[in-house]
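# Close look at the chain arrangement
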Amino acid sequence: DGGVAAAAGEAEATDRTAAAAAFARGVDAWLAADGLVVVPYDRNATNHTPTLQDGRRAHYLLLCGVATPDPAGGRKDPGGALLFGAHGLAPAPLVLDPGELLASNAQLTQMTEHPHTQGWVVKQGT
């Protein structure tokens with residue numbers, strides 16, 4: 001039934017929105033406690049923003065700030081936080097949607113083989 005599929009799609013979108021908002025709140029709290037947030041993600045080659053490439057463009061991003069809308073500013077949607085990050089190849093700080101960064105991170109499933117990656121070891125528990 002189309003109505004059931006539409007409702008399921010809306011529920012999934014709501015879950016993604018809630019996850020993105022929770023991620024942004026967690027990043028904000030961690031940064032406020034002087035923590036560092038490094039996120040692996042697939043990097044778009046042209047503008048360094050998150051993309052979905054199954055890990056073939058995997059890079060790391062250092063998150064350094066969160067901007068949240070002012071609820072007193074008349075916005076009806078309390079969500080809409082943006083993340084600020086730094087990538088070594090980007091000429092300027094990046095402004096990122098938390099949902100896009102989470103989606104890019106979640107789909108990292110493979111690593112492109114390069115000659116310089118031979119011998120890399122990831123120890124259990126790191």
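Residues numbered from 1 in each chain as written. Predicted model: local features only at pLDDT ≥ 70, side-chain atom pairs only at ≥ 80, totals over all residues. Heavy atoms only, no water.

## Structural notes on the overall build of the protein chain
In plain terms, the rule: Numbering of helices and strands starts at the N terminus; helices are DSSP runs of H or I of at least 4 residues and strands are runs of E of at least 2. The contact criterion used is simple: two residues touch if any of their non-hydrogen atoms lie within 4.5 Å. All accessible areas in this document rest on Shrake-Rupley with a 1.4 Å probe, and a residue is counted as covered only by the protein chains that are shown.
Along the protein chain, the regular secondary structure elements total two helices and five strands. In the protein chain, the order of α-helices and β-strands from amino to carboxyl end is α-β-β-β-β-β-α. A separation of at least 24 residues holds for 51% of the contacts in the protein chain among residues at least 6 apart in sequence. With an accessible surface of roughly 8600 Å², the protein chain has 58% of that area assigned to carbon and sulfur atoms.

## Re the sheet that holds strand S3 (residues 58-67)
The test is simple: Two strands pair if DSSP finds at least two bridges between them. Working convention: axes come from line fits to C-alpha atoms, limited for helices to the stretch in contact. Angles between N-to-C directions cover 0 to 180 degrees.
On the basis of which strands lie adjacent, the open sheet formed by five strands has the order S2-S1-S3-S4-S5 and antiparallel pairing. Strands with a single pairing partner mark the edges of an open sheet, and in this sheet they are strand S2 (50-51) and strand S5 (94-96). Examined bridge by bridge, S3 and strand S4 (residues 82-86) share five bridges and lie antiparallel to one another. When the sheet's bridge partners are listed, leucine 62 is paired in S4 with alanine 86. Packing of helix H2 (residues 98-106) onto the sheet brings it into contact with strand S1 (37-43), S2, S3, S4 and S5, and relative to S1 it is tilted by some 75 degrees.

## Points about the nonpolar core
Keep this limit in mind: Take the buried residues of types Ala, Val, Leu, Ile, Met, Phe, Trp, Tyr and Cys, join any two whose side-chain atoms come within 4.5 Å, and each joined set is a nonpolar core. Only protein chains enter the accessibility calculation, which uses a 1.4 Å probe; a residue is then buried when its area is under 20% of its type maximum, exposed when over 50%, and partly exposed in between.
Core analysis: the largest hydrophobic core is formed by 14 residues, its most contacted members being Leu61, Leu63, Leu83, Leu96 and Leu101. If you list the elements that add at least two residues to this core, you get helix H1 (2-32), S1, S3 and S5.

## Here we look at the side chain of serine 104
Counting through the fold element by element, serine 104 comes out in helix H2. Its relative accessible area of 0% is what places serine 104 among the buried residues.

## A short note on the pairing of S4
Residues Leu83 and Gly85 point to one face of S4 and are all buried, whereas Leu82, Phe84 and Ala86, pointing to the other face, are not buried. In the sheet, S4 pairs with S5 via three bridges, with the strands oriented antiparallel. Residue pairing across strands places glycine 85 opposite leucine 94, the latter belonging to S5.

## Focus: the pairing of S3
Relative to S3, S1 is paired through six bridges, and the arrangement is antiparallel. Bridging across to S3, valine 38 finds its partner in leucine 62.

## Section: a nonpolar patch on the surface
The condition is simple: Exposure above 30% relative accessible area and the lack of any salt bridge qualify a residue for a patch; like charges then connect within 9 Å, and the nonpolar side chains Val, Leu, Ile, Met, Phe, Trp and Tyr within 5 Å. We define a salt bridge as a side-chain nitrogen of Lys or Arg found within 4 Å of a carboxyl oxygen belonging to Asp or Glu.
Together, Leu36, Val38, Tyr60 and Leu62 make up a nonpolar patch on the protein surface, roughly 450 Å² of accessible area in all. Position of tyrosine 60 among the secondary structure elements: in strand S3. By relative accessible area, which is 58% here, tyrosine 60 ends up exposed.

## So, the side chain of histidine 87
Convention followed: Two N or O atoms form a polar contact when they lie within 3.5 Å of each other; inside protein one atom must be a possible hydrogen donor and the other a possible acceptor, and for residues adjacent in sequence the pair counts only when both atoms belong to side chains.
Looking at where histidine 87 falls in the secondary structure, it is placed in the loop between S4 and S5. Histidine 87 gets classed as buried once you look at its relative accessible area, which sits at 8%. Of the polar contacts made by the side chain of histidine 87, one reaches the backbone nitrogen of leucine 89; its length is 3.0 Å. With near-sequence residues (within four places) excluded, histidine 87 lies in contact with Tyr41, Arg43, His48, His59, Tyr60, Leu61 and Leu94.

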